[in-house]
Amino acid sequence: ILGGYEAKPHLRPYMASLQLDGQHVCGGFLIAEQWVLSAAHCTEETDGRVFQVLLGAHSLTEPEPHKRLYQVRAQFPHPGSNIHNNKDDLLLLQLEEKAELNAAVQVLPFQREDRDVAADTVCDVAGWGTITHSGRRPDKLYQVERPVISRDVCNHRTRHDHTITEKMMCTDSRRRDTCKGDSGGPLVCNGVAEGVVTAGSRVCGNYKKPAIYTRIAPYAAWIDSVMASADG
Ligand SMILES: NCc1cccc(Nc2n[nH]c3ncnc(Nc4cccc(O)c4)c23)c1
């Protein structure tokens, strides 16, 4: 998160850190007791290894009462996701067991009504992604508020040049923005998860490249079908 500030500990009890060998790789969030939603692109440099999911955390390193690392039983990237574009950039992770819910571990509802969030709506996004252009990684969760920008503005030739589909949305990226390691985290508007951070052009903090999110509502049926079909 660039241009943001340290979050209040455990006020975002749905936040997940997707880790490999104890290293934060991507964000994610709890959508059901045994399920975390994130971004498919997060599996790109993992050469087939399965994530571990840290829940109940504010600090990535310090001991905290409700912090717990969960094993992942299975990972389900959206079948339409691919490395060449941002389409269908969603990843469902089934935890090895149901997460123990408490003050620091809670589920976040996601939007099921497929209607665009109005431009200028101020939403918030949090993550353990880099907090400087030089790539400094925080130990604590950071957050930032960002206004939604219309798809027409985001698709302008000088911005994302008509690559933003009706299953994506954008927020202004002037100075305050998402960055490396924030992918997979939720864009929360009025207490509901409306989008999932996708890296897009990977640029951070440049107003000419607004932040891009996969809208969740268009994928509600896919999410429900994967959760219903998986065992347990
Ligand atoms: N703002 C959109 C967005 C959301 C999520 C991730 C991303 N960026 C990135 N995702 N993956 C990456 N691998 C390497 N570098 C990256 N961006 C980067 C790093 C240092 C300085 C800088 O200006 C940009 C990214 C960008």
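Residues numbered from 1 in each chain as written. Predicted model: local features only at pLDDT ≥ 70, side-chain atom pairs only at ≥ 80, totals over all residues. Heavy atoms only, no water.

Draft legend 1. Structural view of the site of the ligand. Surrounding the ligand, one finds His133, Asp177, Thr178, Cys179, Lys180, Ser183, Val197, Thr198, Ala199, Arg202, Val203 and Cys204. Contact between the ligand and Asp177: a nitrogen atom at 2.9 Å from a side-chain N or O atom of the residue. Here a nitrogen atom of the ligand and a backbone polar atom of Val203 are 2.9 Å apart. Contact with the protein chains hides 78% of the accessible area of the ligand, taken as 550 Å² for the molecule alone. Taken together, the residues that form the shell around the ligand break down as five nonpolar, four polar and three charged. (Near = heavy atom within 4 Å. Polar contact = N/O pair within 3.5 Å; in protein donor to acceptor, adjacent residues only side chain to side chain. Areas by Shrake-Rupley, 256 points an atom, 1.4 Å probe, with all protein chains shown as cover. Nonpolar A, V, L, I, M, F, W, Y, C, P; charged D, E, K, R; others polar.)

Draft legend 2. A look at the state of the cysteines. Enumeration according to the criterion identifies four disulfides in this entry. One disulfide in the model links Cys123 with Cys189; its S-S distance is 2.1 Å. Between Cys123 and Cys189, the S-S dihedral sits near 105°, and the bridge is therefore right-handed. A residue pair is termed long-range when its members are at least 10 positions apart, and Cys123 in strand β8 (residues 122-127) and Cys189 in strand β11 (residues 186-189) qualify at 66 residues. The pair Cys123 / Cys189 is uniform in exposure class, with both members buried. What links to what in the protein chain: the bonded cysteines, counted in sequence order, pair as 1-2, 3-7, 4-5, 6-8. (Disulfide = S-S within 2.5 Å. Helix = DSSP H or I, 4+ residues; strand = E, 2+ residues; numbered from the N terminus. Buried < 20%, exposed > 50% of the residue type's maximum accessible area, 1.4 Å probe, protein only.)

Draft legend 3. Geometry of the side chain of Asp88. Position of Asp88 relative to the elements: it lies in the loop between β6 (68-77) and β7 (91-95). No salt bridge is formed by the buried Asp88; its nearest oppositely charged neighbour, Lys167, is found at 4.4 Å. A polar contact of 2.5 Å, which involves the side chain of Asp88, links it to the side chain of Tyr219. (Lys, Arg positive; Asp, Glu negative; His and termini not counted. Salt bridge = Lys/Arg side-chain N within 4 Å of Asp/Glu carboxyl O.)

Draft legend 4. Representation of helix α2 (residues 220-229) in the model. Restricting attention to buried positions, one finds in α2 the residues Ala220, Trp222, Ile223 and Val226. All buried residues of α2 fall inside an arc of 165° around its axis, so they share one side. Opposite the packed face of α2, turned more than 90 degrees from it, sit the exposed residues Ala221, Ala228 and Ser229. Next to the buried residues of α2 lie β3 (23-32), β4 (35-38), β6 and β7. (Arc of directions from axis to C-beta. Contact = heavy atoms within 4.5 Å.)

Draft legend 5. Local environment of the sheet that holds β7. If you trace the six strands once around the closed barrel, you get β2-β3-β4-β7-β6-β5, paired in antiparallel fashion. Averaged over all adjacent pairs, the angle separating strand axes in this sheet is 40°, with direction ignored. In terms of strand pairing, β6 meets β7 through five bridges, oriented antiparallel. Residue pairing in the sheet places Val72 in a bridge with Leu95 of β7. (Pairing = 2+ DSSP bridges. Axes fitted to C-alpha atoms, helices over the stretch in contact; angles between N-to-C directions.)

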